[in-house]
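Per-entry structural report
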Amino acid sequence: MTCYDRQDLGLLLLRLGTGGVLAAHGSQKLFGWFGGGGIEGTGAAMEAMGYSPGRQSATMAGLAEAGGGALLALGLATPAAGAAAAGAMVGAATVSAPNGFFAAAGGYEYAASLALTAAGLAITGPGRISLDHALGHAVNRSWMVPVALAVTGAATAVVVGMRNRRVRESAEFGQEALFDEADAVFGSRG
C-alpha cells in the first residue's frame, strides 16, 4: 500500500487549482464557456491587443491554457503542460504590463502568478498522485523539462516580440495620423 506524503498532496492541490483555473480560461477562449468570447470574440480581442492574426492567436492561447491546464490537473506530460501554460500566461502578462504589477489596477500580477506556478510545476513534477507517476513517467522525463521550457520560451519570445512590434507600429501610425490631421487643419509642419 502506498502512503502519500505532504509533498504529494501539496503538488496535487497546486495542480488541481492551477490546472483548473487555466482550463477554465482556455475554455472561455475556445468554446465561449463561463462567459467567454469563444474563438470569434477572443480573436477580435486578441487582434485589438496586437496579437495577429486574432483567430489563430485565440486558438493557440486557448489550447495552451485549456490543454496545459487539463494536463497539469491530471499530472500528465507535466513538463510540456506547465511550459505551455506558462507561455500563454506570459503572453497575457505582456498585455497587462503597462498597467503595473497589481491586478486591481489591471496589472500583470494574476497572469504572472499563474505563469510562475505552471513553470514551477513543470520543473518540480506532478508528485505521486498523478497520471505521469501511474504511467511510469513516460512523458515526464528529466530531459523534457529544459527542452519544454526552452522551446516554449523561444516561441513565446517570438510571439510577444511580434506583438510588441505591432503595438509600437500602431502607436507610431496613430501619432503620424494625428500629425497629418493637424497639418490639414493648421498647415504643414516645418
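Our subject is the structure that appears above.
The following paragraphs examine the structure supplied in this document. Model, not experiment: these values are computed from the prediction.

Definitions and limits used
- Residues numbered from 1 in each chain as written.
- Predicted model: local features only at pLDDT ≥ 70, side-chain atom pairs only at ≥ 80, totals over all residues.
- Heavy atoms only, no water.
- Helix = DSSP H or I, 4+ residues; strand = E, 2+ residues; numbered from the N terminus.
- Buried < 20%, exposed > 50% of the residue type's maximum accessible area, 1.4 Å probe, protein only.
- Contact = heavy atoms within 4.5 Å.
- Areas by Shrake-Rupley, 256 points an atom, 1.4 Å probe, with all protein chains shown as cover.
- Lys, Arg positive; Asp, Glu negative; His and termini not counted.
- Charge placed at Lys NZ, Arg CZ, Asp CG, Glu CD.
- Core = buried A, V, L, I, M, F, W, Y, C linked by side-chain atoms within 4.5 Å.
- Salt bridge = Lys/Arg side-chain N within 4 Å of Asp/Glu carboxyl O.
- Polar contact = N/O pair within 3.5 Å; in protein donor to acceptor, adjacent residues only side chain to side chain.
- Phe/Tyr/Trp six-rings, centres within 6.5 Å; stacked < 30°, edge-to-face > 60°.
- 1 Å grid on protein atoms, 1.4 Å probe; cavity = no way out; pocket = protein on both sides within 12 Å on 5 of 7 lines; lining within 4 Å.
- Points joined across faces, edges and corners; volume = space filled by probe spheres on them.
- Nonpolar A, V, L, I, M, F, W, Y, C, P; charged D, E, K, R; others polar.

Summing up its helical and strand segments, the protein chain has seven helices and zero strands in all. Shown N-terminal to C-terminal, the secondary structure of the protein chain runs as helices and strands in the order α-α-α-α-α-α-α. Principal-axis analysis of the C-alpha atoms places the extent of the protein chain at approximately 85 × 35 × 30 Å. Counting only residues that meet the buried cut, the protein chain has 36% of its 190 residues in that class. In the protein chain, the proportion of contacts linking residues at least 24 apart, taken out of those at least 6 apart, comes to 65%. Looking at the protein chain as shown, the accessible area adds up to about 10500 Å², and 67% of this sits on carbon and sulfur atoms. Across the protein chain, the centroid of the 11 positively charged side chains sits 10 Å from that of the 13 negatively charged ones.

Further remarks concern the nonpolar core. In this structure, Leu22, Leu72, Ala85, Met89 and Ala118 are the most contacted members of the largest nonpolar core, which totals 16 residues. Where this core is concerned, the elements lending two or more residues are helix H1 (6–31), helix H3 (54–74), helix H4 (78–96) and helix H5 (109–124). Among all residues touching alanine 118, those that are not within four sequence positions of it are Thr18, Leu72, Gly82, Ala85 and Ala86. If you look at the next biggest cluster of nonpolar residues, it comprises five residues, including Tyr51, Ala58, Ala61 and Val160.

Another point: the pattern of salt bridges. Here the structure, examined in full by the defined rule, presents four salt bridges. Of the charged contacts in the structure, one is a salt bridge between aspartate 8 and arginine 128, with a shortest N-O distance of 2.7 Å. Pair noted here: aspartate 8 is in helix H1 and arginine 128 is in the loop between H5 and helix H6 (131–134), with a separation of 120 residues, a long-range link. The buried category is assigned to aspartate 8, whose relative accessible area is 5%.

Further remarks concern the side chain of serine 27. Take serine 27: it is sitting in helix H1. At 2.9 Å, the side chain of serine 27 and the backbone oxygen of alanine 23 are in polar contact. Residues within four places of serine 27 in sequence aside, it is in contact with Gly32, Trp33, Phe34 and Ala66.

Moving on, we get to the packing of aromatic side chains. With the rule as written, the count across this model stands at four aromatic pairs. Their ring planes at 35° and their centres at 4.7 Å tell us that phenylalanine 31 and tryptophan 33 sit as a pair that is tilted. The exposure class of tryptophan 33 is partly exposed, given its relative accessible area of 48%. Among the aromatic side chains, those forming a connected cluster through ring pairs are Phe31, Trp33 and Phe34.

What follows deals with the environment of alanine 92. Along the chain, alanine 92 turns up in helix H4. On the accessibility criterion, alanine 92 (29% relative accessible area) is partly exposed. Taking the C-alpha atoms as reference points, alanine 92 and methionine 46, 46 residues apart in sequence, are found 10.0 Å from one another.

Moving on, we get to the layout of surface pockets. In this structure, the largest pocket spans a volume of roughly 860 Å³. Taken together, 35 residues form the lining of the largest pocket, with Met46, Ser57, Met60, Ala61 and Ala88 sitting closest to its centre. Counting only elements with at least two residues in the lining of the largest pocket, the list comes to H1, helix H2 (38–48), H3, H4, H5 and helix H7 (144–186). Looking at side-chain class alone, the lining of the largest pocket contains 21 nonpolar, ten polar and four charged residues.

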